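Listed below, chain by chain, are the residues.
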Amino acid sequence: MEVFHGRVGTDVDIDHATYRADRLARNGAARRPTDVGDHGRNGSMRQALPRIIGFFDGSSLP
């Protein structure tokens, strides 16, 4: 599970993103928080989306 977050977002506080990632880990998920830099909501999405697409392009999904 990868949790993307930006440092200047106003919709979801970075502490909440960290808290959610920690909860996932406590419940057995492999946790990987990824800080996408000084971006808010839209900027974070633009930074995260190519990484998400790259993951699926390189995965062995049927």
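Residues numbered from 1 in each chain as written. Predicted model: local features only at pLDDT ≥ 70, side-chain atom pairs only at ≥ 80, totals over all residues. Heavy atoms only, no water.

1. Regarding the packing of aromatic side chains
Here is the rule: Pairing of aromatic rings covers Phe, Tyr and Trp, the last through its six-membered ring, and needs centres within 6.5 Å; plane angles under 30 degrees mean stacked, over 60 mean edge-to-face, and all others mean tilted.
Counted under the stated rule, the structure contains one aromatic pair. Residues F55 and F56 carry aromatic rings whose centres are separated by 5.1 Å and whose planes lie at 80 degrees to one another, so their mutual orientation is edge-to-face.

2. As for the side chain of S44
Threshold: Working definition: helices are DSSP H or I runs of at least four residues, strands are E runs of at least two. Numbering for both runs from the N terminus. The criterion used for residue contact is that any of the two residues' heavy atoms lie within 4.5 Å.
Secondary-structure assignment places S44 in helix α2 (residues 41-58). In this structure, S44 is in contact with H5, G6, V36 and H39, ignoring residues within four places of it in sequence.

3. Concerning α2
Threshold: Here the expected length of a helix is defined as 1.5 Å per residue gap, with one fewer gap than residues. To get the bend at a given residue, fit one axis to the seven residues ending there, fit another to the seven starting there, and take the angle between those axes. Here the term buried applies to any residue with accessible area under 20% of the maximum for its type, exposed to any over 50%, and partly exposed to those in between, with areas from a 1.4 Å probe on protein chains only.
Along its 18 residues, α2 runs 26 Å from first to last C-alpha, staying within 8% of the 26 Å computed at 1.5 Å per residue. Helix geometry: α2 is bent most strongly at A48, by close to 30 degrees, with proline P50 lying one to four residues after it. The complete set of buried residues in α2 reads G43, S44 and A48.

4. Some details on the environment of A25
Among the structural elements, A25 can be located in helix α1 (residues 14-26). A25 gets classed as partly exposed once you look at its relative accessible area, which sits at 35%.

5. Here's the deal with a nonpolar patch on the surface
Stated precisely, the cut-off is as follows: Nonpolar side chains (Val, Leu, Ile, Met, Phe, Trp, Tyr) within 5 Å and like charges within 9 Å form the patches, drawn only from residues with over 30% relative accessible area and no salt bridge. Only the protein chains shown count as cover for residues, and the accessible areas themselves come from Shrake-Rupley with a 1.4 Å probe. What counts as a salt bridge is simple: a side-chain nitrogen of Lys or Arg found within 4 Å of a carboxyl oxygen of Asp or Glu.
Among the surface-exposed residues, M45, L49, I52, I53, F55 and F56 lie close enough to one another that they form a single nonpolar patch of about 580 Å² accessible area. By secondary structure assignment, the location of I52 is in helix α2. I52 gets classed as partly exposed once you look at its relative accessible area, which sits at 33%.

6. Regarding the side chain of T34
Tracing the backbone through its elements, the reader meets T34 in strand β2 (residues 32-35). For T34, a relative accessible area of 12% corresponds to the buried category. Apart from residues lying up to four places away in sequence, T34 is in contact with E2, V3, F4, H5 and R51.

So yeah, pure geometry; function would need other evidence.
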